[in-house]
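Summary of the model geometry
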Amino acid sequence: MKNKADISRTKKIGKQKRYAKNIEHKNIHANNKTQKNSAINGERAYKILSIQLSISANKAKELIDSGRVSLKGKRIGIARTLFPVNTHFDIMQEKSPILFEDENILVIDKSIGVESYSLEQMYSKYKLINRLDKDTSGIILIAKNEEFRQKAIEEFRQKRVNKIYFALVEGKIYDEMTINKNIAIIKDSKAKGYVSKSGLEAITEIKPIQILEQKTLLEVKIPTGRTHQIRIHLSSIKHPIIGDIIYNKDSKFKSKRLMLHCYKTDLLNYNFESKINIHDIFEI
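Values in this document were obtained by computation on a predicted structure and should not be read as measured data.

Right, let's talk about helix H3 (residues 57–65) for a bit. Since the α-helix turns once every 3.6 residues, residues separated by three or four places project in the same direction. Along H3, the residues that are buried comprise Ala60, Leu63 and Ile64. Along H3, the residues classed as buried sweep out an arc of 95° about the axis, all on the same side. When the buried face of H3 is taken as reference, the exposed residues oriented beyond 90 degrees from it are Asn58 and Lys59. Buried positions along H3 lie against helix H2 (45–53), strand E2 (69–71) and strand E5 (90–91). Once H3 finishes, Gly67 follows within two positions and takes phi at roughly 85°, a positive value.

This is the structure we're talking about:
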């Protein structure tokens, strides 16, 4: 015959089992609900990508932010965008080969998604002469000694550096033109500019190279070098660059990248040309 202590212990154990069973039931219900919501609403892009590549969520976010992740030919701009859980993203490979090197200068053919300052960190003994936006590919110059760097900076200051870009823009442009509009920059967590009379002088020269239906391939020169200058100026004349997620958010054209490439730079007695095929990277 059970004493009072045994009966109390039995009741306590029974209560604990019922409690555990209720918790288990709630967890199963919650998991089923989460899975159902994921199936209906989708999952964050960076979470899907982290599983696809077997990388951390932070690494997946960085990859999307670098502009190298796309889906069906269109760049993924926001890492938290929802997609079906079975989505498979396309990844552009990062390549920034050395074009030229001597005792004064190191020249890099920068890929998109690469911060200019990360190249300076990679070649830590040297200093950047110029920089390109993360989303812009092309020629980056790095000085191997301070004397040459100061000479190069003076050439830029005196506007004696010849830089040629290629840009693929919306709409048809038939004639050469010079865009002379001052630019002001808002520097927050990310820089963004706009045309303003109170801004700094900015001059962009454009020449149509090829017209492709509702797009135009332009050769672009910039005697001045303001932040996002080409992107802002082309947007201001209603011919924004295809793939520009800042100044052309509502573009009707799909694009894996910003269609802007620094093709050529002439500095002092040097002449550098990118080896990247512009028709390949612009898919034209």
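Attention now moves to H2. Within the sequence span of H2, burial applies to Ala45, Tyr46, Ile48, Leu49 and Ser50. Buried residues in H2 make contact with strand E1 (43–44), H3, E2, strand E4 (82–83) and E5. One or two residues past the end of H2 sits Ser54, with phi positive at roughly 55°.

This next bit is on the sheet that holds E5. Spatial strand order, E3-E2-E5: 3 strands in an open sheet with antiparallel pairing. At either end of the open sheet lies a strand with only one pairing partner, and these are strand E3 (74–75) and E5. Here 2 bridges tie E2 to E3, and the two strands are oriented antiparallel to one another. Paired with Leu71 across the strands is Lys74, a residue of E3.

Here strand E6 (residues 98–101) runs beside strand E7 (residues 105–110); their pairing, made up of 3 bridges, is antiparallel. Across the sheet, residue Phe100 finds its bridge partner in E7, namely Val107. Counting the residues between successive antiparallel strands, the hairpin from E6 to E7 contains 3 residues.

Bringing the packing of aromatic side chains into the picture now. Enumeration over the complete set of coordinates arrives at 6 aromatic pairs. Judged by centre distance (5.5 Å) and plane angle (45°), the ring pair of Phe100 and Phe272 falls under tilted. Of the two residues, Phe100 is situated in strand E6 and Phe272 in strand E17 (residues 270–273); the sequence distance between them amounts to 172 residues. Owing to a relative accessible area of 31%, Phe100 belongs among the partly exposed residues under this scheme. By relative accessible area, Phe272 is classed as buried at 6%. Ring centres of Phe148 and Tyr270 lie 5.8 Å apart, and the angle between their planes is 90°; this geometry places the pair in the edge-to-face category. You can see Phe148 sitting in helix H5 (residues 146–157) and its partner Tyr270 sitting in strand E17, a full 122 residues away along the chain. Accessibility assignment for this pair places Phe148 and Tyr270 in one class, buried.

Criteria and cut-off values
Residues numbered from 1 in each chain as written. Predicted model: local features only at pLDDT ≥ 70, side-chain atom pairs only at ≥ 80, totals over all residues. Heavy atoms only, no water. Buried < 20%, exposed > 50% of the residue type's maximum accessible area, 1.4 Å probe, protein only. Helix = DSSP H or I, 4+ residues; strand = E, 2+ residues; numbered from the N terminus. Arc of directions from axis to C-beta. Contact = heavy atoms within 4.5 Å. Pairing = 2+ DSSP bridges. Phe/Tyr/Trp six-rings, centres within 6.5 Å; stacked < 30°, edge-to-face > 60°.

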